[in-house]
Amino acid sequence: MLCLACDTWAQEVPAKSLKPGWALQLGSGILYGGNLGILAENQVKLSSRFRISPFGSLGIADGGTAPNADKRQYWFGYAAGINLEYGKKHRIILGPHFMGNNYFGNATNVKKDYRGGFSTIVGYKGTADFGLIWMVYIGNVYAQNDEIFSDDKTYENQSHVGIGLGYKF
């Protein structure tokens, strides 16, 4: 039997970079909770070029060495906020977030065991069709200094940078 009008129909699957959904990133910076942290975000697509991405992150940061001791001290860090993203595969990002750090160590002369603040960032996020994400940003954080052994609890503006690598599911 001869088929004169045989057509094959297939549905094209959109690239992961263009679809909404969850992503995980590993990175360094206040957005990631410290010197090393993990960030989970849910990318919500509003239009072909605009999306919002609420996120939460956990990480750890170096707190220095205790006076008269050899042991390093650490901050357990966390951040939560929302990033606004503009672009398809290459995106400009900006957004506010809240950050916090809790002291994680065993020094007895700690003057400050909590540090909180508010931050804004601007940066770049690249996304590959198969799900790879890379991100760099700069920002300003309004928080206490991170010196654990200092009595100074005044808030100040500090600049910060960050970099991350992740995967979009």
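Note: the structure precedes this text.
To start, this report covers the structure provided alongside it. (Residues numbered from 1 in each chain as written. Predicted model: local features only at pLDDT ≥ 70, side-chain atom pairs only at ≥ 80, totals over all residues. Heavy atoms only, no water.)

**Description of the sheet that holds strand S5 (residues 90–104)**
Link 1 in the chain: If you walk around this closed barrel you meet the eight strands as S1-S2-S3-S4-S5-S6-S7-S8, and the pairing is antiparallel. Adjacent strand axes in the sheet meet at a mean angle of 25°, parallel and antiparallel pairs treated alike.
Link 2 in the chain: As paired strands, strand S4 (residues 72–86) and S5 are joined by 11 bridges and run antiparallel to one another. Following the sheet pairing, Glu-85 is matched in S5 by Ile-93. (Pairing = 2+ DSSP bridges. Helix = DSSP H or I, 4+ residues; strand = E, 2+ residues; numbered from the N terminus. Axes fitted to C-alpha atoms, helices over the stretch in contact; angles between N-to-C directions.)

**Notes on the pattern of salt bridges**
Link 1 in the chain: With the rule as written, the count across this model stands at four salt bridges.
Link 2 in the chain: For Glu-41, the salt bridge identified is with Lys-125, shortest N-O distance 2.8 Å. Taken together, the positions of Glu-41 in strand S2 (residues 34–45) and Lys-125 in strand S6 (residues 114–127) put the pair 84 residues apart, joining distant regions of the chain.
Link 3 in the chain: Notably, a salt bridge pairs Arg-91 with Glu-85, separated by 2.8 Å at the nearest N-O pair.
Link 4 in the chain: Among the residues examined, Glu-85 registers a relative accessible area of 0% and is labelled buried. (Salt bridge = Lys/Arg side-chain N within 4 Å of Asp/Glu carboxyl O. Buried < 20%, exposed > 50% of the residue type's maximum accessible area, 1.4 Å probe, protein only.)

**Focus on the packing of aromatic side chains**
Link 1 in the chain: Under the criterion given, the structure shown has four aromatic pairs.
Link 2 in the chain: With centroids separated by 5.3 Å and ring planes inclined at 80°, the aromatic side chains of Tyr-167 and Phe-169 adopt a geometry described as edge-to-face.
Link 3 in the chain: Overall, the relative accessible area of 32% leaves Tyr-167 in the partly exposed class.
Link 4 in the chain: Looking at Phe-169, the relative accessible area reads 53%, which means it is exposed. (Phe/Tyr/Trp six-rings, centres within 6.5 Å; stacked < 30°, edge-to-face > 60°.)

**A closer look at the side chain of Ser-57**
Link 1 in the chain: Topologically, Ser-57 is positioned in strand S3 (residues 50–65).
Link 2 in the chain: On the basis of relative accessible area, Ser-57 is assigned to the buried category, the value being 5%.
Link 3 in the chain: Residues in contact with Ser-57, not counting those within four places in the same chain, are Leu-31, Tyr-32, Gly-33, Ile-38, Leu-39, Gly-77, Tyr-78 and Ala-79. (Contact = heavy atoms within 4.5 Å.)

**So, the environment of Lys-45**
Link 1 in the chain: As for its position among the elements, Lys-45 is in strand S2.
Link 2 in the chain: Classification of Lys-45 by relative accessible area gives partly exposed; the value is 36%.
Link 3 in the chain: On a C-alpha basis, the gap between Lys-45 and Leu-18 in space is 8.5 Å, while along the polypeptide they are 27 residues apart.
Link 4 in the chain: Among the polar contacts made by the side chain of Lys-45, one reaches the main-chain carbonyl oxygen of Leu-18 at a distance of 3.0 Å. (Polar contact = N/O pair within 3.5 Å; in protein donor to acceptor, adjacent residues only side chain to side chain.)

**Description of the nonpolar core**
Link 1 in the chain: Grouped together as the largest cluster of nonpolar side chains are 13 residues, with contacts concentrated most on Leu-31, Tyr-32, Met-99, Met-135 and Tyr-137.
Link 2 in the chain: At the level of elements, S5 and strand S7 (132–144) are the ones that each hand at least two residues to this core.
Link 3 in the chain: Top element by residues in this core is S7. It accounts for four residues.
Link 4 in the chain: Counting residues in each nonpolar core, the second largest holds six residues, with Trp-75, Tyr-103, Ala-107 and Ile-148 among its members. (Core = buried A, V, L, I, M, F, W, Y, C linked by side-chain atoms within 4.5 Å.)

What is shown is where atoms sit, not what they do.
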